[in-house]
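Each chain, letter by letter, is given below.
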Amino acid sequence: MNIIRILKAVFRKDFQIMMRYKLNLLMTLLAIIFYLVFIFFISDTFTFKDSEVTNLGDDNLFMFLLSGLLLIDITLTCSSSLPLTVGFYQTSGIMDELVSDIKIFFITIICATIFPFFLSLVKFSLYLLFAILFFDIDIFFLANVLIIIPFMFIYLFAIIGIGLMAASLTLIFKRGNPVIQLNNILTATITGAFIPVTKFATQLQTISDFLPATQFINILRLLFETESHYQTSLNISALNLIILSIVIFTLGVFSFYKATNYAKLKNIIADY
């Protein structure tokens, strides 16, 4: 019951903050339109050099880029929320009160990702809606879109783990950017978001396979298919995503727990 109460309180606070800045809402909507138009013109101008990525129907390049955009959006929107929340609590002077109960502190920090994730779901829906209404994307894959949502929650666990690692650095060094920046760079470059993974060297492909973002975008593209379904490939990517998300989430919780205890021991947890 405490979890639900904390979740509602954090969500309500973040929602109220967002509603104070209506210009941001307008800019978000304009950004969605801009990105869709941009990748539409790219997909209409360029084609794949070969036919390795042909499983997304006639609009394969558009859907390829759209899935990459969705991956980048959810990763960037959610991953930075944890270290930013820790930094806010430190500067606001309420950190000492929060860490008096470690369990509630952990839940409060983790709940900071729920509202950004909700925004990602809304933007995810708007991307697809605009794509269907204005770019004549085949609507027959909509049933598969619903299957994507559980995988988004699984991927969220990996993002939370990464965010907790970054928040651990924020607790001790007052900075968490290196972890977030490294994750964002890897996600944007070698996961196949905008360039097929098969174009990379074997070593980079191996590294890419150990990134949950790679498995998530593979699932996205498999579920975006309009004609055929590769159930075996989907099962493999789903299993890999679950395992990687559990491992990264566990490492994140462990590192944040250790960092919290260390900061309390050194009496630096509320310093900024």
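Structural data are supplied above this passage.
Going along each chain's sequence as written, the residues are numbered from 1 onward. With the structure being a predicted model, the display of local features is reserved for residues of pLDDT at least 70 and the display and counting of side-chain atom pairs for 80 or more, all residues being used for whole-chain, interface and lining totals. In computing side-chain values, all of the structure's heavy atoms are included and hydrogens and water are not.

## A word on the overall build of the protein
Step number 1: Secondary structure assignment for the protein yields 12 helices and 0 strands.
Step number 2: Each helix is a run of H or I in the DSSP string that is no shorter than four residues. Each strand is a run of E no shorter than two, and both are numbered from the N terminus. Taken from N to C terminus, the helices and strands of the protein fall in the order α-α-α-α-α-α-α-α-α-α-α-α.
Step number 3: When accessible area is computed with a 1.4 Å probe and restricted to protein chains, residues below 20% of their type maximum are described as buried, those above 50% as exposed, and intermediate ones as partly exposed. In the protein, which comprises 272 residues, the share counted as buried stands at 45%.
Step number 4: Within the protein, counting contacts between residues at least 6 apart in sequence, those at least 24 apart form 78% of the total. Here, residues are in contact when the closest pair of their heavy atoms is within 4.5 Å.

## Some details on a nonpolar patch on the surface
Step number 1: A surface patch of nonpolar side chains, about 710 Å² in accessible area, is lined by L23, L26, M27, L29, L30, I33, V37 and F41.
Step number 2: With respect to the helices and strands, the residue V37 is situated in helix α2 (residues 22–45).
Step number 3: Note on V37: relative accessible area 32%, which makes it partly exposed. Candidates for patches are residues over 30% relative accessible area with no salt bridge; among them, like charges are joined within 9 Å and nonpolar side chains (Val, Leu, Ile, Met, Phe, Trp, Tyr) within 5 Å. Using the Shrake-Rupley algorithm and a 1.4 Å probe, accessible areas are obtained, with residue cover drawn only from the displayed protein chains. Salt bridge, as used here, is a side-chain nitrogen of Lys or Arg placed within 4 Å of a carboxyl oxygen of Asp or Glu.

## Comments concerning the packing of aromatic side chains
Step number 1: Here a Phe, Tyr or Trp ring, Trp counted by its six-membered ring, pairs with any other such ring whose centre lies within 6.5 Å, and the pair is stacked when the planes are under 30 degrees apart, edge-to-face when over 60, and tilted otherwise. Tallied over the full model, the rule gives 11 aromatic pairs.
Step number 2: Ring centres of F88 and Y89 lie 5.7 Å apart, and the angle between their planes is 55°; on these two criteria the pair is classed as tilted.
Step number 3: A relative accessible area of 43% places F88 in the partly exposed class.
Step number 4: Taking relative accessible area as the criterion, Y89 reaches 7% and is therefore assigned buried.
Step number 5: Ring centres of F105 and F106 lie 6.5 Å apart, and the angle between their planes is 75°; on these two criteria the pair is classed as edge-to-face.
Step number 6: Take F105: its relative accessible area is 0%, and that puts it in the buried class.

## Examining the nonpolar core
Step number 1: Residues belong to a common nonpolar core when they are buried Ala, Val, Leu, Ile, Met, Phe, Trp, Tyr or Cys residues joined through side-chain atoms within 4.5 Å. In terms of nonpolar packing, the biggest core is built from 59 residues, with L66, Y155, F216 and F256 touching the most fellow members.
Step number 2: If near-sequence neighbours (up to four positions away) are discounted, F256 is found in contact with V86, F105, F106, I109, L164, A167, S168 and L171.

## Things to note about the side chain of T108
Step number 1: Tracing the chain through its elements places T108 in helix α6 (residues 102–111).
Step number 2: The class for T108 is buried, based on a relative accessible area of 8%.
Step number 3: If near-sequence neighbours (up to four positions away) are discounted, T108 is found in contact with I6, V10 and Y89.

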